Amino acid sequence: MDNLTVQYLIVGILVLAAVWYVVRNVRKSLKGKSGCSKGCGCSCGTVEKPQKAN
């Protein structure tokens, strides 16, 4: 294998890794789970306000 072939292989691997990363993040964001986008599983959709004592 000459140098040009090795360069094409390296670039191809990097492009595939970038596409995989983008597809994975898009699928996570479209999954429809409630909560924040950090993926920690919290449910921060609603915030409870403290009630005043009368």
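Since the structure is predicted, the reported quantities are computational estimates derived from the model, not experimental observations. Starting from 1, residues in each chain are numbered consecutively following that chain's sequence as written. Local features in a predicted model are, by the rule used here, given only for residues with pLDDT of at least 70; side-chain atom pairs are given and counted only at 80 or more, and totals for whole chains, interfaces and linings are based on all residues. Where side-chain values are given, they derive from all heavy atoms of the structure, hydrogens and water being excluded.

Enquirer: Kindly report on the overall build of the protein, identifying the contributing residues and their values.
Expert: A helix here means a DSSP run of H or I that spans at least four residues, while a strand means a run of E at least two residues long, and both kinds are numbered starting from the N terminus. Within the protein, the secondary structure is distributed over one helix and zero strands. When the 54 residues of the protein are sorted by exposure, 0% land in the buried category. The protein chains shown are the only cover counted for residues, whose accessible areas, like all others here, come from Shrake-Rupley with a 1.4 Å probe. For the protein, the exposed surface amounts to about 5700 Å²; the carbon and sulfur share of it is 61%. For every residue, the accessible area (1.4 Å probe, protein chains only) is compared with the maximum for its type, and the residue is labelled buried under 20%, exposed over 50%, or partly exposed between those bounds.

Enquirer: Run through the UniProt feature "transmembrane region" (unreviewed entry) in the protein, naming residues and quoting values.
Expert: UniProt positions are given in the numbering used here, feature names are shortened, and annotations may be inferred rather than shown by experiment. Per the UniProt record, the feature "transmembrane region" (unreviewed entry) sits at residues 6–23. End C-alpha to end C-alpha, residues 6–23 measures 26 Å, and it is 100% helix and 0% strand.

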